[in-house]
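The residues making up each chain are set out below.
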Amino acid sequence: MKQTKTFTILLFAILLINGCSKDCPDSKPIEKGVNKSYLPYIIPYSDTSTRLFLKNGKDTLLFKSQGLKETKISESASEGNCDKYNLQQYSLKMAASDTDFFEVKYFAIKTNVPKVQYLCHNLETNKIDDSRYIYFFQLKQLNTLNYTYDSVSISPNKYGDTVYTNLKFGILRVKDFNNIYELIK
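Please read these numbers as outputs of a predicted model, since none were measured by experiment.

**Looking at the overall build of the protein**
A count of helices and strands for the protein gives three helices and 13 strands. Out of the 185 residues in the protein, the part that is buried amounts to 40%. Contacts in the protein between residues at least 24 apart in sequence constitute 47% of all its contacts with a sequence separation of at least 6. Total accessible area on the protein stands at roughly 11600 Å², and carbon and sulfur atoms take up 53% of it.

Quick look at the structure:
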């Protein structure tokens with residue numbers, strides 16, 4: 001009787017474990033992409049672009065393009081969901097040195113519209129929906145180095161760092177906790 005009881009408990013445990021585990025079938029990942037027609041407005045730089053910036057009102061730095069890169073990032077869905085995703089991302093880094101750089105990222109996410117994000121000196125701005133970035137560009141003016149830019153968008157992060165951009169010129173000004181970089185027209 002003791003053996004039957006032990007066998008029954010063991011059999012029940014095996015069935016319970018097998019019944020609760022979810023085997024995910026090998027399936028093709030879900031492709032999520034970005035709208036490439038927005039790319040020239042979000043990343044208005046080419047592989048050979050250069051931009052001259054004034055750092056803290058005294059140093060002139062030449063930022064050079066590191067080239068536009070397209071990557072696919074593989075991600076799994078949330079726990080209990082078997083879906084896998086291939087998320088398209090475009091990025092371009094402009095660098096004057098190892099510590100003086102900025103990067104623009106335009107990327108797909110699993111659950112929503114693609115996003116735009118700036119990375120400056122390892123400080124990330126908040127993510128902006130691509131549709132909001134293009135169609136609802138903030139109509140603000142920015143005066144920097146005696147030149148006025150119209151239709152300027154402001155992308156802050158929670159630390160007070162801010163990137164000012166324009167659809168035609170790209171990044172106009174970057175203000176982080178130690179530095180201000182201003183585009184020289």
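**What to know about the packing of aromatic side chains**
The geometry of two aromatic rings is summed up by the distance between their centres and the angle between their planes. The full count for this structure, using the stated rule, is seven aromatic pairs. Taking the centre distance of 5.1 Å and the plane angle of 70 degrees together, the rings of Phe53 and Phe63 count as edge-to-face. Note that Phe53 is positioned in strand 2 (residues 50-55) and Phe63 in strand 3 (residues 59-76), a separation of 10 residues in sequence. Across the pair, Phe63 and Phe53 agree in class, each one buried. An angle of 85 degrees between the planes, with centres 6.1 Å apart, marks the rings of Phe63 and Tyr181 as edge-to-face. Remark: Tyr181 occurs in strand 13 (residues 180-183) and Phe63 occurs in strand 3; sequence separation between them is 118 residues.

**Overview of the environment of Asn56**
Among the structural elements, Asn56 can be located in the loop between strand 2 and strand 3. On a C-alpha basis, the gap between Asn56 and Asn178 in space is 8.8 Å, while along the polypeptide they are 122 residues apart. Here Asn56 is in contact with Asn178, Asn179 and Ile180, once residues within four sequence places are set aside.

Analysis parameters
- Residues numbered from 1 in each chain as written.
- Predicted model: local features only at pLDDT ≥ 70, side-chain atom pairs only at ≥ 80, totals over all residues.
- Heavy atoms only, no water.
- Helix = DSSP H or I, 4+ residues; strand = E, 2+ residues; numbered from the N terminus.
- Buried < 20%, exposed > 50% of the residue type's maximum accessible area, 1.4 Å probe, protein only.
- Contact = heavy atoms within 4.5 Å.
- Areas by Shrake-Rupley, 256 points an atom, 1.4 Å probe, with all protein chains shown as cover.
- Phe/Tyr/Trp six-rings, centres within 6.5 Å; stacked < 30°, edge-to-face > 60°.

Function cannot be read off these values alone, since they describe shape.
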